[in-house]
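Breakdown of the fold
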Amino acid sequence: MALADILLHIDSYPDPTPLETVDEALTLAARLGGKVTALALQVAIPVKSNLLAEQLVGLTALAAEEEARSLEACRTRTEHFSKAAAQAGLAADAVIERVHIHELAEHVARRARTRDVCIVPLAGKYDGQGEVAQRVIFSSGRPALVFKSGTVGKGDELGTVVVAWDGSRFAARAMADALPILVRAKQVRILTIVNEKPSATSGLGAEAVRHLATHGVKAVVDEVDAKGHAIGPVLDRYLEEKSPDLFVMGAYGHSRLRELILGGATERMLHDPTVPIFLSH
């Protein structure tokens with residue numbers, strides 16, 4: 001059992017994914033053990049203009065220049081990806097597709113529906129990858145592996161993986177989706193934060209440990225007392241202490257009209273992840 005079919009989204013506009021971040025994504029893919037396909041999207045920028053606007057600022061020409069810049073970023077990054085993957089001995093391919101700038105996140109989510117997992121790097125403050133990650137998590141039906149530049153350590157081996165466990169269906173889905181990863185990890189820790197929500201009680205992790213053992217995964221339980229504090233700082237302290245290679249958690253969110261309202265832990269982890277995070281909904 002393995003995550004054999006991995007999708008990696010490479011951003012091209014306005015702030016392209018840095019080359020070193022592409023390398024980090026390849027390190028994560030190597031730890032998962034599957035074939036990785038890099039998807040780089042050239043943005044198409046529609047122009048609604050008139051004669052006066054064209055004379056003043058040349059909107060059509062400006063849009064064409066930005067589209068060309070996006071395409072060049074796609075080519076540079078897919079070439080770098082292919083060379084780095086070949087040097088690392090990874091099964092990989094790369095594709096460049098053109099998509100309307102406002103449909104980019106949904107396009108990635110559609111492509112992710114026929115993959116085992118989609119890797120989404122969070123690189124720049126304005127790179128829009130947060131929206132892509134949310135769309136993959138909540139619209140693709142498949143898990144996302146989200147990481148921030150600079151949080152992936154060296155080496156292809158998967159060391160410690162932490163699974164957030166509160167007994168919810170979201171946590172159950174995440175643990176099931178991550179099972180091929182847990183089998184490969186050197187160490188698996190089940191994290192239950194008590195005194196934060198009524199459903200997360202002491203001893204809850206024992207059943208998760210039992211289930212994983214039937215799949216050959218030996219896990220240990222960590223119970224952390226939130227003492228009434230918000231979930232974000234509690235998670236931050238725990239992850240800083242354990243420094244896992246991967247954090248597995250269920251993603252909670254619901255729609256209010258057209259706005260996606262994220263749960264506290266989900267929002268915190270997507271905002272500024274200190275370790276790579278595997279999320280399922």
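This text follows the structure it describes.
About the cut-offs
- Residues numbered from 1 in each chain as written.
- Predicted model: local features only at pLDDT ≥ 70, side-chain atom pairs only at ≥ 80, totals over all residues.
- Heavy atoms only, no water.
- Salt bridge = Lys/Arg side-chain N within 4 Å of Asp/Glu carboxyl O.
- Helix = DSSP H or I, 4+ residues; strand = E, 2+ residues; numbered from the N terminus.
- Axes fitted to C-alpha atoms, helices over the stretch in contact; angles between N-to-C directions.
- Parallel < 35°, antiparallel > 145°, perpendicular 65-115°, else oblique.
- Left-handed = near helix turned anticlockwise from the far one by under 90°.
- Contact = heavy atoms within 4.5 Å.
- Nonpolar A, V, L, I, M, F, W, Y, C, P; charged D, E, K, R; others polar.

1. As for the pattern of salt bridges
In the structure shown here, the tally under the stated rule is 14 salt bridges. Its salt-bridge partner being Arg 135, residue Glu 131 comes within 3.5 Å of it at the nearest N-O pair. Here Glu 131 and its partner Arg 135 are both found in helix H5 (residues 129–139), 4 residues apart, which amounts to about one turn of the helix. Two residues, Lys 242 and Glu 241, come together in a salt bridge whose shortest N-O distance is 3.7 Å. In this structure, a network of salt bridges that share partners links the residues Glu 106, Arg 113, Glu 131 and Arg 135.

2. Observations regarding the packing of helix H4 (residues 104–112) against H5
Where H4 meets H5, the axes come as close as 8 Å, and the angle between the chain directions of the two elements is 40°. Viewed along their axes, H4 and H5 adopt a mutual orientation that is oblique. Considering only the axes of H4 and H5, their crossing is right-handed. Between H4 and H5, the contacting residues are Leu 104, Ala 105, Glu 106, Val 108, Ala 109 and Ala 112 on the first element and Glu 131, Val 132, Arg 135, Val 136 and Ser 139 on the second. The residue makeup of the contact of H4 with H5, split by class, is 7 nonpolar, 1 polar and 3 charged.

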